[in-house]
Amino acid sequence: MKTTAKILSILLMCFVGTSCESDLLDVDFDTTVKSTIVAHVNQGQETIDESVILSLDNNDTHDYLDNIKGVTIKKLTYKIISFSGYSEGSVDIDFYADNVTLKTEAFVVKDAYNASTIFEITDVSKLNVMADLLKSNNKTTVGIKGSTIATDDAMNFNIEVTADLEITASPL
């Protein structure tokens, strides 16, 4: 009986030690992922819907993609990084990740570009939803959808989306 109890105790310690050990081996690191939404609005066009894939796969995360245990979005921003065309063209858009609206904004595109306006997503519950999408799929679709006014000429602009992340991954 004593031998059986000793064996069970040893097996229990091994099991507990193994499960705790994997958490001890987890790595936490910060990384930044970026993507650029390319937008074109024809003269007279009334709606816009453009998107891009925001992927976790970069030099920091590539070796851990199959073992990511947690994603936290520390900061999520977007800004206009290039502009040409109708200087008074405006948009009233929802910025989204997959089907979740993260922020609604209305602005004159050239003014936002000239001012280097940085639009930041601060709603923690929405950031957590996006983080879960990134954790589950290693990517998410981000984009803009809404109305636009470009009455006198077309306009082209690029929107850079930047996510500063904290990743927890298992190295095994």
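The present account deals with the structure reproduced in this document. (Residues numbered from 1 in each chain as written. Predicted model: local features only at pLDDT ≥ 70, side-chain atom pairs only at ≥ 80, totals over all residues. Heavy atoms only, no water.)

### Observations regarding the pairing of strand β4 (residues 90-97)
And then number 1: Counting buried residues along β4, 6 of its 8 residues qualify, which places the element largely inside the surrounding structure.
And then number 2: Direction of pairing for β4 relative to strand β5 (residues 100-108): antiparallel, over a ladder of 8 bridges. The residue of β5 that forms the bridge with isoleucine 93 is glutamate 105.
And then number 3: Count of turn residues in the β4/β5 antiparallel hairpin: 2 residues, of which aspartate 98 carries a positive phi of about 50°.
And then number 4: Pairing geometry for β4 and strand β7 (residues 139-149), over 8 bridges, is antiparallel. Its bridge partner being in β7, isoleucine 93 is matched across the sheet by glycine 146. (Buried < 20%, exposed > 50% of the residue type's maximum accessible area, 1.4 Å probe, protein only. Helix = DSSP H or I, 4+ residues; strand = E, 2+ residues; numbered from the N terminus. Pairing = 2+ DSSP bridges.)

### A few points about the packing of aromatic side chains
And then number 1: Across all of its chains, the model carries 4 aromatic pairs by this definition.
And then number 2: Ring plane angle 20° and centroid distance 4.2 Å describe the contact between tyrosine 78 and phenylalanine 95, whose orientation is recorded as stacked. Here tyrosine 78, found in strand β3 (residues 68-85), pairs with phenylalanine 95, found in strand β4; they are 17 residues apart in sequence, far enough to count as distant. As far as the burial class goes, tyrosine 78 and phenylalanine 95 line up, both buried.
And then number 3: A connected cluster of aromatic rings, assembled from ring pairs, spans Tyr78, Phe95, Phe107 and Phe119. (Phe/Tyr/Trp six-rings, centres within 6.5 Å; stacked < 30°, edge-to-face > 60°.)

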